[in-house]
Amino acid sequence: MLDCGLDMTSTLNFLPLPLVQSPRLSNLPGWSLKDGNAFLDKELKECSGHVFVDSVPEFCLPETELIDLSTVDVVLISNYHCMMALPYITERTGFTGTVYATEPTVQIGRLLMEELVSFIERVPKAQSASLWKNKDTQRLLPPPLKDAVEVSTWRRCYTMQEVNSALSKVQLVGYSQKTELFGAVQVTPLSSGYALGSSNWIIQSHYEKVSYVSGSSLLTTHPQPMDQASLKNSDVLVLTGLTQIPTANPDGMVGEFCSNLALTVRNGGNVLVPCYPSGVIYDLLECLYQYIDSAGLASVPFYFISPVANSSLEFSQIFAEWLCHNKQSKVYLPEPPFPHAELIQTNKLKHYPSIHGDFSNDFRQPCVVFTGHPSLRFGDVVHFMELWGKSSLNTVIFTEPDFSYLEALAPYQPLAMKCIYCPIDTRLNFMQVSKLLKEVQPLHVVCPEQYTQPPPAQSHRMDLMIDCQPPAMAYRRAEVLALPFKRRYEKIEIMPELADSLVPMEIKPGISLATVSAVLHTKDNKHVLQPPPRPAQPPSSKKRKRVSEDVPDCKVPKPLLSGSIPVDQLVQTLEKVGRPVSFPFSQPLLFRVATLFSLSLEQHGFSDIKVEDTAKGHIVLLQEAETLIQIEEDSTHIICDNDEMLRVRLRDLVLKFLQKF
Amino acid sequence: MDPECSQLLPALCAVLADPRQPVVDDTCLEKLLDWFKTLTEAESGLQLLQENACLVELLSHVRRPQDVSPRVLSFSMRLTGIFATQEDCFQYLQQGELLLRLFGEAGPLSWAAWNIPTVRSGWIQGMHTLAQHPSALCFLSDSGAVDTIFSLQEDPSLFVASAANQLLVHVLALSMQDGTVGSHSPQGGAWPTCAQKIVGHVEESLRSPAASQVTQALNVLTTTFSRCHSPWTEVLWGQLSPAVAGLLEREPIPATHSLVDLVLSVARSPVFSSMDHRSLWKMVGQTLGHLSPVQAGPLALGILKLQHCPQQLKTQAFGVLLQPLACVLKATVEAPGPPGLLDGTAGSSMSVDTLLSSKSACVGLLCQTLAHLEELQPLPQHPLPWPQGPLLGASVTLLQLCGGSATPSSSAGGRLCVMLAGCVRVQRAALDFLGTLSQGTSPQELVSQVFAVLLEYLESPDSSPTVLKKAFQATLQWLLSSSKAPGCSELSPHIPLFFAELFPALRKRLCSPSWEVRDSTLEFLTHLSRHWGGQADFRQALLASELPVLVQQLLQDPESYVRASAVTAMGQLSSRRLQARPEHLEAQQGPVPELLHILSSDSEGFPRRAVVQVFTEWLRDGHADVARDTKLFVTTVLQVVSQDLDWEVRVQGLELAQVFLAQNLGCAGHCPYAMGLPEPAPPSPLPELLRTLGQLRLLEFAFRALFDCDRPVAQKACDLLLFLRDKTAPCGGLQEPGGSPNLAAVEASLQRWQAGEQGRPLEDPEPEAMLAILRSVDLEGLRSRLAESSDHVEKSPLSLLQDMLATVGVPEDNEADCY
């Protein structure tokens, strides 16, 4: 199984979970059907024309119908954003396999899950809505609830216990480390340049190579750069995790982010940045580190609020080997690789586990707050939205591309604060993909259907799709795709003693062949040629050995033939020496032997040979003898019904033209 | 030749001839050659050789390869060429068989040193210099030099090959000049043998299958037609044009660049302009038709720049130039659109496919086309009617395609979208061209589109700093043209609306993390304020935006270029009374103290220079804060400036002083007669003014600057004092003070300053003393000395010879300085 991401957009259908009692949210009117039926008014609330489920948020799980997840042997994780559904799979499906991921992926993935669990568990909600999920009821609801897919499979968030248990099944791997899977294939993670520890995977057998490219970046940010060279010579390249916002250039967006932040703060407003606790935030903090002095923001406090804020900031500094070269070299100075250490030291950046406690004492405005969750449905961000939403001086700047900012903002309407959308997605865009594919040159590309056509809203943007030759194979949800290659060869090892016994013969310059007689031993998808058992010793005693019955019968093999038969020369030979003497069997044996001996000295050739060309070769026709020699590229047949001697003689003649070994 | 030089020359020649004493510095040899060239131009070369036997010895020393280094060998050949320019000298050298030894086949040509490019180059240059007279021509023919030149055309060194081509052209021209004396452009058969040989070789090369030979032949012809405008060139063209036309039949056409150059050089030649050369124009037209769009572009531009050229050909050339843009329009416009110049001849020979063949080809062609059209637009001979509308449409479409906002309906348009999305090169070229198009009259609807696309670029976070700068330039040009164009007066109401959308974008740009963006935005804002600072709409919109406050804040920017631009912008805003409102200022005293603080404390030169420039502007324009107490202002500024380590700041300070002087001396010089005239600000009487200047320490500043170690400062000070002296000269109101004690003090100070002691200031000198000093100092002499370049002393031939002798045998690590 390649990755197991969690679709969190389902939470957008739910009301936010406020940290502090919100009169506005608790007083929202219940929603009733057009006919006035109000049986759903406890479950559904209306806010500015939108309907939300008033319940604990639920998540949409990976597809479980198509495949029995308990039969999955291996899960390969490419980055920490793509493992958020792991507890659902390892803990709730009977999964017994192994998960492979790099260390930073697991550590930061744990932080993300821990934050998610903490956001949801610290605001317990008694109510759990389920009536609305009834298919007949759902049909009556307004969009987008009406169109939500597979609502019956939506599940509440997992627990911390499940997270721990799931992560205990992870096997850590390092970049370029080769891992054998059941002897059948070898998997290798490669740096993908997107996030700390993010990987692309090579899955290869001896003769086939499949690359799985997911969430990769060619930009110079904090992680180790993408390893492109190792992706070359792939039979199939599975491509996914491209940028979600192909029209937004990350550099331009960072500029927008900084400008809008500065403008708001200069006007005395606060800036709210809903974000994940790891990833782009490191780059944003680095940008701000360079920018705040030039923008005159040195005195403005930056707050980072998350249950895992401290761990995230500290983890980032210790994964030196997973960082880009510049940051790695800082470690040897020694300096912290990320400049946020200095921001913390100089008190410009402060971090808190939540808005409760120390934060409320230190809180100073105007300020900039980084906090989660980017969906605006849970986490400390809900509080700041409620607090700052009423003033037009404040600004919320969306930098995470996973959620539609308009939908995220829907339960906060009407909203006075400014909203800026600066999605920063450093993953590959289509131009970079084209370059990558030209460089790597896979035989086939497999990707989601969405990548093979322009975005529906910008159908003219032919540049926003994958353009490669041969055209990419597209897949869609729940579709089974046959990858365009067959496993035609297996590698077989030859035991040294067997190899020693081989006597290669040069059949043409540079090419030698040897015949091998051996026993093929196959176990765990490994094939080994072992020396054949010695021919059974003739029984020394009259007792028969039982063992010899199990040993295969080892006859001396017939020699192998190679080469082609030159028809003209064959015909010439046949004309000269082809015909054997036939004599009646009624002659005495001695006479027959004597005649044969004398005739071999002066043989007679065939005089009535005809050669016909066929589609595959030639037919040499010996009319009088009613015999055919059918010569094709890979076979030769002598059809000679009644004269075995002639057949043998002809066979020997033909064999003279071929090499034997 | 100076006797001193003459004395040193034998020693130098001995050194040069000695292979054990290598000449390290090539530039010395070059200077030596320059000197000899000057000498031979002024006096007889023969006499020089006779008087300085060492020279002939040096030249004849070059006998055996091991005797001489390649550099000196090359030098000797070039020196020989210089002397042999004069026919008598040539014969003198030839008598001694020196010429044959140096340039003949038995000379260096057969040596191993011939493999060194410097030697071959020296041979060609020597030959080129000496080939000036009939004797030289005979020598060339007899010595087989022409064949050597032919072979050098293919030389692996491009410099040598190019020089060989030049020499060939020179020899051809010389031989024709020699051969056609008295007769009028004879036909090819009657040409001198040497010329026939060269023309035959060129013709043969033109028919050669090797592209390099064709290129050389075309280059020779191009140079010939550019330099020689005698009637024989017409015959030459008549003879060779079939071979040239033959090149067009080949597949692919070889040496297209050189072919275009040749065709243009022929077309430009005055020989062909005066007559009806139908066949020539026909061939130019054929060439235009046969070349690919990228190759034909430069030819089309060249044709359109010609003064005399058939109209039909011009139309064809313009069509070729417009083709790529016509394709862009064709690929992106849904309906066929109104018939225009862009869809007439265009597209006939080039399909959209050609444009779309590859991204690099498409981008290259579009950039070339845009650059050519941009070059053509302002020319008086640009084609008429000029398709302003379609060109504007095409430029806007290109910018939209690059920005991703175009919505092409065809598949070709889609492909263009893919190729151009985010292409900075095309964006820059299109914005440049769009700016140029602001000069023409455009339909209002299109102008609105132009402003819309410009705004899109100014707002887009994806605009790179260079693209943004171009967008600013184009915007400024369009704003200027929209304001003044009489045909577009109805558009003026749109401009305030545009400003209303523009200022929020600028606000964001001023907060950009990229310093280049902040810098170019400030410059743009400065231009805007300069042009529209007086208009109510602009003022209202600007004051309502936060821009003035942001400009104020950028005075503290960490990047010095930005600080400098912020200073200039603030200077402009303040002049227009558009600066940030007082509550935003740290101190409510106006901007002068803040800028003075920058002037005295900024660690970088750019902001300080900007401050003095702003102050000078303010003084000139009578800025309110300056006019309140001008004297105090000038004293303070000069006090700070005089301490500045940056010479440009000091020069600017002198400029400010000069403005002050000009304002105060306006009529001081005419005092006896100007008394009755009404004056807005009557100038002070001269003694009082001089006293004031003394008190302001302006004169002290100027006198000190006179001895400044940086020449531009001293020059400026000299100009300033001359200006003051001239203004005060006619005024007889002052007594000559004679040897008053004050004068002595001033003189003493000056001497100290001249000696480099900067410490003690002048102690309040009397005006009379200052005036006397002013008159006693030889300012004119000083000015002329300062006008001489700094190495005038070291440039003398004597110094050169001495230097060369001094450095002989001393290897130095100055290879990197030698070219």
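Rules used in this analysis
- Residues numbered from 1 in each chain as written.
- Chains lettered and ligands numbered in written order.
- Predicted model: local features only at pLDDT ≥ 70, side-chain atom pairs only at ≥ 80, totals over all residues.
- Heavy atoms only, no water.
- Helix = DSSP H or I, 4+ residues; strand = E, 2+ residues; numbered from the N terminus.
- Buried < 20%, exposed > 50% of the residue type's maximum accessible area, 1.4 Å probe, protein only.
- Contact = heavy atoms within 4.5 Å.
- Areas by Shrake-Rupley, 256 points an atom, 1.4 Å probe, with all protein chains shown as cover.
- Pairing = 2+ DSSP bridges.
- pLDDT = per-residue confidence, 0-100.
- Axes fitted to C-alpha atoms, helices over the stretch in contact; angles between N-to-C directions.
- Patch = residues over 30% accessible without salt bridge, like charges linked within 9 Å, V, L, I, M, F, W, Y side chains within 5 Å.
- Salt bridge = Lys/Arg side-chain N within 4 Å of Asp/Glu carboxyl O.
- Phe/Tyr/Trp six-rings, centres within 6.5 Å; stacked < 30°, edge-to-face > 60°.
- Lys NZ or Arg CZ within 6 Å of the ring centre and 35° of its normal.
- Disulfide = S-S within 2.5 Å.

Side note on the overall build of chain B
Move 1: Helices and strands together make up the secondary structure of chain B, namely 44 helices and zero strands.
Move 2: The buried share among the 819 residues of chain B stands at 53%.
Move 3: Considering only contacts within chain B whose residues lie at least 6 apart along the sequence, 74% involve residues at least 24 apart.
Move 4: For chain B, the accessible surface area stands at approximately 36200 Å², while carbon and sulfur atoms represent 53% of it.

Describing the pairing of strand β7 (residues 185–191) of chain A
Residue and element names in this part refer to chain A.
Move 1: Of all seven residues that make up β7, six are buried, and the element is covered over most of its length.
Move 2: As paired strands, strand β6 (residues 179–181) and β7 are joined by three bridges and run antiparallel to one another. Bridge pairing links E180 to Q186 in β7.
Move 3: A loop of three residues connects β6 with β7, the two strands running antiparallel in sequence, and F182 in this loop sits at a positive phi of about 55 degrees.
Move 4: By the bridge criterion, six bridges tie β7 to strand β8 (residues 199–204) in an arrangement that is antiparallel.

Quick notes on the confidence of the model for chain A
Move 1: Looking at chain A as a whole, the pLDDT averages 88, with 92% of positions reaching at least 70.
Move 2: Note on residues 583–602 of chain A: pLDDT under 50 across the span, and seven contacts to partners over four residues away in sequence or across chains.

Section: the sheet that holds strand β13 (residues 349–352) of chain A
Working definition: the strands of a sheet are paired by backbone hydrogen bonds and lie parallel or antiparallel to each other.
Residues and elements named next belong to chain A.
Move 1: Here six strands make up an open sheet; going across it, the order is β13-β12-β14-β11-β15-β16 and the pairing parallel. Both outer strands of the open sheet, β13 and β16 (418–421), are each paired with one neighbouring strand and no more. Mean inter-strand twist for the sheet, computed between neighbouring axes without regard to direction, equals 20 degrees.
Move 2: As defined by bridge partners, strand β12 (residues 302–305) adjoins β13 across four bridges and the pair is classed as parallel. Residue pairing across strands places Y303 opposite K350, the latter belonging to β13.
Move 3: The sheet strands contacting helix α7 (residues 280–294) are β12, β13 and β14 (368–371), and the helix crosses β14 at an angle near 165 degrees.

A closer look at a nonpolar patch on the surface
Move 1: A cluster of nonpolar side chains, namely L66, I67 and V480 of chain A, defines an oily patch on the protein surface of about 310 Å² accessible area.
Move 2: On the basis of relative accessible area, V480 of chain A is assigned to the exposed category, the value being 70%.

Quick notes on the side chain of S76 of chain B
Move 1: Topologically, S76 of chain B is positioned in helix α5 (residues 70–84).
Move 2: Ignoring any residue separated from it by four or fewer positions in sequence, one finds S76 of chain B in contact with L59, V62 and L102 of chain B.

Topic: the confidence of the model for chain B
Residues and elements named next belong to chain B.
Move 1: When pLDDT is averaged along chain B, the result is 81; 83% of the residues meet or exceed 70.
Move 2: Mean pLDDT values over the elements of chain B span from 40, in helix α37 (residues 671–674), up to 95, in helix α24 (residues 424–437).
Move 3: The low-confidence segment residues 486–491, where pLDDT is below 50, has seven contacts with residues more than four positions distant or belonging to other chains.
Move 4: Every residue in residues 734–739 is under pLDDT 50, and counting partners more than four places away or in other chains gives 11 contacts.

Thoughts on the packing of aromatic side chains
Move 1: Scanning all chains against the criterion turns up 41 aromatic pairs over all chains.
Move 2: Taking 6.0 Å as the distance between ring centres and 90 degrees as the angle between the ring planes, the aromatic pair formed by W191 of chain B and W232 of chain B counts as edge-to-face. Of this pair, W191 of chain B sits in the loop between α11 (158–179) and α12 (193–206) while W232 of chain B sits in helix α14 (residues 232–249); the two residues are 41 residues apart in sequence, bridging distant segments of the chain. Residue W191 of chain B shares its accessibility class with W232 of chain B, and that shared class is buried.
Move 3: Ring pairs connect the aromatic residues Y303, Y352, F359, F363, F384 and W388 of chain A, which therefore count as one cluster.
Move 4: Here the basic side chain of K327 of chain A rests over the ring of F338 of chain A, its NZ or CZ set 4.9 Å away from the ring centre.

A short note on the state of the cysteines
Move 1: In the structure shown here, the tally under the stated rule is zero disulfides over all chains.
Move 2: Not engaged in a disulfide, the cysteine C275 of chain A finds its nearest cysteine sulfur in C422 of chain A; these two sulfurs lie 13 Å apart.

Examining helix α32 (residues 591–601) of chain B
Move 1: Residues of α32 of chain B that are buried include every one of P591, V592, E594, L595, L596, I598 and L599 of chain B, and no others.
Move 2: For α32 of chain B, the secondary structure elements touched by its buried residues are α30 (547–554), α31 (560–575), α33 (605–621), α34 (624–627), α35 (630–642) and α36 (647–665) of chain B.

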